[in-house]
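Commentary on secondary and tertiary structure
This is what each chain is made of:
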Amino acid sequence: MGASMNTAVATIYYVSNDGDDDNNGLYETQQPGLDGPWLSIDKVNLEMPTFVAGDQILFNMDDIFRGTLKVVGVDGALGNEVLFGVYDATSGLGIDPPVFSGSVPVPSGAWSSAPSDANDPNYQQRWVCQFNGTVTGVFQTMPLGGVEMRLPGRTPNTGWYQPDVQPNSSSIYDPVIDDAIIEPTGFLDNATVVMRTQHSELHRSGITGQVAGQFNASALPAVGPYECTAPCDGWGYFITGSTHVCESLNEWYCSPYVPAIGVDPALPAMLHYNSGSTPPEGIEVMLSANNAGPGVYDEGIRIHHSDNVIIDGITFEHFNGGGVLEYDPSDPPAVCDHISVQNCVFRESMHGIAVDPGDAHDDIYQNNTFKDIYLKALRTSAANTQILDNDFMDIGMFADFGTGFEDRQALIVKGSGATISGNRIDGVGYSAMAIGSGTAMPYPIGATVKHNFITNAMMLLDDGSAITFDGISQLVVEDNIIDGLGGEHTLDGIPPTYSEPGAKTKGIYFGTAFLEDITVQRNTVRGCSFGIFADHPNNSFGFKILNNTLFDNSKHLCMSDASWGYYVPSLTDRYEHNICYSVAADQWSIYQKQKYPTSWNGIASAVRFGTFVDNYYFNAFTDAVAYAQMYYPLSVAWDGQLGDLTIPFTLRSWQQATGQDPDSHVSPLHKKDFALSGSASGELSTWSDHFTGGVGSWGVAACSPSMVITVNSDDGLRSTDCPVIEKDT
């Protein structure tokens with residue numbers, strides 16, 4: 001790889017591990033005297049105020065640079081940007097891009113034996129080392145090559161404990177009672193419990209007191225909202241954050257760094273590492289710069305008050321804050337714009353790219369790779385951002401880091417005018433993309449999400465989506481492919497007796513705060529609990545769900561009024577030309593969740609979600625295509641029943657009940673569950689206009705001119721046009 005090129009070049013500067021900060025930086029390799037490359041990021045920071053439009057600052061391939069590059073007050077121009085890029089001092093022999101690393105290598109001689117602990121038989125396996133910042137990540141170079149991340153110590157080492165007693169609905173564990181806690185009194189004091197308190201939430205709390213069989217923790221939230229009724233097995237948890245849970249090889253714990261206060265000196269952070277009888281080798285640590293001492297770096301590049309800057313071809317690893325941070329401190333206020341990050345790799349860090357200033361605009365992130373990012377990969381609030389052709393792999397997959405759902409998303413985009421196109425996301429702990437500002441106002445206006453491929457989202461938490469949006473208007477989601485959501489850990493920590501078993505994965509989800517003028521079209525969604533789910537925030541209108549293909553989802557087209565807050569008779573959605581293709585009898589083309597009807601006189605009196613035109617509902621295993629789940633006051637009765645109902649429909653009964661879908665179609669193929677084994681001659685029963693129901697699972701009522709036959713079986717079908725009673729229809 002040669003030097004990155006630009007349309008106009010003022011000066012090219014070079015930085016190399018073989019350079020010297022006393023050099024002039026104008027040569028790729030060392031020449032006589034001071035003609036040669038610079039050595040360090042510190043030198044580049046020192047020269048930062050001198051860079052002008054068209055300058056290039058290039059870092060040598062195969063080299064590692066430690067520190068934070070501070071791009072402050074750098075002004076390029078459109079077509080004549082300031083470039084931070086790559087060169088190859090070996091004229092084509094370079095193999096890997098330059099690496100910006102936030103980790104600190106630990107010399108083998110820096111380790112000492114852990115202090116004795118009479119209550120902990122494993123203390124002799126631990127070794128300690130001190131640092132000027134709290135360790136947030138540990139990596140080990142392997143003898144045969146490669147680097148492996150080491151996880152913090154925890155108990156149990158794999159899987160989750162589950163309390164023996166679950167509190168009642170929306171109650172707090174106080175204390176947590178579990179026979180699995182066999183440690184002596186106080187052994188786990190000051191440790192941290194990580195508890196799954198909902199499908200989409202993890203919560204971290206400090207343990208304030210522990211005895212055998214139970215412990216107390218501060219600030220544990222109420223569990224729910226759909227918890228099982230006590231007594232039952234509770235929501236799962238594990239315990240971390242203590243030397244006492246580092247009983248297995250390669251587990252670690254670090255005490256927090258305490259900065260100097262007044263005359264009191266700083267208290268170093270102490271890393272405890274379990275490596276057995278010999279000190280560990282090849283260890284590098286990632287540190288938090290929060291209240292840290294010198295030599296601790298949270299970001300690879302920090303950008304402030306700069307514009308028209310390109311970052312090209314650099315690898316970022318082992319940063320607690322992230323590879324690139326674009327930020328806007330309130331004093332003095334400043335705006336970043338036209339920042340491009342391209343062809344970079346972000347790996348083994350807490351975050352990838354974060355853009356905090358709300359006034360930033362016109363950034364481009366293209367052809368980057370995000371791999372093994374422990375929390376969020378890319379978060380931006382800038383306007384007119386373009387996120388193009390990036391790869392995201394294994395994002396937010398570890399329960400050991402972070403807490404709730406927002407910590408485990410590949411893309412969070414909160415600015416107006418974004419274009420998100422051509423990205424590939426494979427493996428993310430929660431939702432793959434979250435678009436919009438949520439509940440925060442003002443809401444962004446305009447965004448396009450297209451041509452993205454998403455698979456293996458919600459691998460750790462569920463009740464999320466591949467693509468979710470909330471707090472936005474004029475959004476178009478089109479031509480995306482979503483294939484297979486949820487993984488082996490999606491249900492970890494959920495009570496075995498949970499009242500709603502199974503994952504709750506959504507392909508495309510309309511959120512619950514504010515939405516207006518949303519078009520979802522020509523997408524393909526496969527292998528989800530809910531294919532496309534249109535929730536309806538209060539005063540939100542203009543949903544268009546058009547020409548989508550939904551295949552092998554438990555429920556394909558889904559809609560709910562649950563977030564509206566009160567009864568609304570009709571909405572303006574359009575569901576047109578969609579294909580809903582089921583491969584099992586228990587998959588449904590249409591699912592309606594009716595939460596707030598104030599009166600009930602059949603489905604026609606409930607919420608009308610909009611118009612349904614020319615959809616295709618394929619299911620060869622059943623005639624049922626839709627069902628409505630009704631939640632309404634117990635004083636309201638239908639068919640003599642009080643309370644909630646689940647009502648299935650064939651296409652014909654759906655059309656008659658709702659007055660919708662006149663041009664839609666069902667599968668021409670049908671698989672029979674029953675076969676005719678014989679027949680009897682003559683009439684089995686005769687009647688003129690009345691037949692007593694209640695025979696087996698059949699119920700019949702007289703009508704004119706035809707008979708209404710009600711099937712009260714597990715299939716729950718109601719037919720209004722059965723001239724012949726056949727048990728197998």
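Computed from a prediction, not measured in an experiment: that's the story for all the values here.

**Description of the pairing of strand β51 (residues 588-594)**
The element β51 is extensively covered by neighbouring structure, given that 7 of its 7 residues are classed as buried. Strand direction decides the pairing type here: strand β48 (residues 555-560) and β51, joined by 5 bridges, are parallel. Opposite Met559, over in β51, you have Gln592 as the bridge partner.

**Description of the packing of aromatic side chains**
Per the counting criterion, the structure on display carries 31 aromatic pairs. Centre to centre, the rings of Phe59 and Phe65 are 5.2 Å apart; their planes meet at 75 degrees, and the pair counts as edge-to-face. Considered together, Phe59 and Phe65 belong to a single accessibility category, that of buried residues. Between Tyr374 and Phe401, the ring centres sit 5.2 Å apart and the planes meet at 25 degrees, which makes this aromatic pair stacked.

**What about a nonpolar patch on the surface?**
Taken together, Phe551, Ile579, Tyr581 and Val583 make up a surface patch of nonpolar side chains, about 290 Å² in accessible area. With respect to the helices and strands, the residue Phe551 is situated in strand β47 (residues 549-551).

**Overview of the confidence of the model for the protein**
Confidence in the prediction for the protein averages 83 pLDDT; 82% of positions are at 70 or higher. Scored below 50 in pLDDT, residues 225-232 makes 25 contacts in the model with residues more than four places away or belonging to other chains.

**Comments concerning helix α2 (residues 651-658)**
Along α2, the positions that sit buried rather than exposed are Leu651, Ser653, Trp654 and Thr658. Take α2 and look down its axis: the buried residues cluster within an arc of 165 degrees, on one side only. Following α2 by one or two positions, Gly659 adopts a phi angle in the positive range, close to 70 degrees.

**As for the sheet that holds strand β12 (residues 154-155)**
The strands making up a sheet associate through hydrogen bonds between their backbones, and the pairing can be parallel or antiparallel. Here we have 6 strands laid out as an open sheet, ordered β12-β17-β14-β15-β16-β13, and antiparallel in their pairing. Looking at strand neighbours, the two that pair on one side only are β12 and β13 (176-177), the edges of this open sheet.

**A closer look at the pattern of salt bridges**
Summed over the entire model, instances satisfying the criterion amount to 17 salt bridges. Arg522 serves as the salt-bridge partner of Asp479, at 2.9 Å between the closest nitrogen and oxygen. Placement of Asp479 in the loop between β40 (472-478) and β41 (481-483) and of Arg522 in the loop between β43 (515-521) and β44 (524-526) is noted, with a sequence separation of 43 residues between them. Look at Asp479 and you get partly exposed, because its relative accessible area is 25%. Judged by its relative accessible area of 40%, Arg522 is partly exposed. Each member of the salt-bridge network shares a partner with another, and the members are Lys371, Asp372 and Asp394.

**Digging into unusual backbone geometry**
With an omega of -5 degrees, the peptide bond running from Thr155 to Pro156 counts as cis. Mapped onto the elements of the fold, Pro156 is located in the loop between β12 and β13. One non-glycine residue, Asn547, lies in the positive phi region at around 60 degrees. Among the structural elements, Asn547 can be located in the loop between β46 (541-546) and β47. Classification of Asn547 as partly exposed rests on a relative accessible area of 38%. Positioned with a positive phi, Asp661 is a non-glycine residue whose angle comes to about 60 degrees.

The rules we used
- Residues numbered from 1 in each chain as written.
- Predicted model: local features only at pLDDT ≥ 70, side-chain atom pairs only at ≥ 80, totals over all residues.
- Heavy atoms only, no water.
- Buried < 20%, exposed > 50% of the residue type's maximum accessible area, 1.4 Å probe, protein only.
- Helix = DSSP H or I, 4+ residues; strand = E, 2+ residues; numbered from the N terminus.
- Pairing = 2+ DSSP bridges.
- Phe/Tyr/Trp six-rings, centres within 6.5 Å; stacked < 30°, edge-to-face > 60°.
- Patch = residues over 30% accessible without salt bridge, like charges linked within 9 Å, V, L, I, M, F, W, Y side chains within 5 Å.
- Areas by Shrake-Rupley, 256 points an atom, 1.4 Å probe, with all protein chains shown as cover.
- Salt bridge = Lys/Arg side-chain N within 4 Å of Asp/Glu carboxyl O.
- pLDDT = per-residue confidence, 0-100.
- Contact = heavy atoms within 4.5 Å.
- Arc of directions from axis to C-beta.

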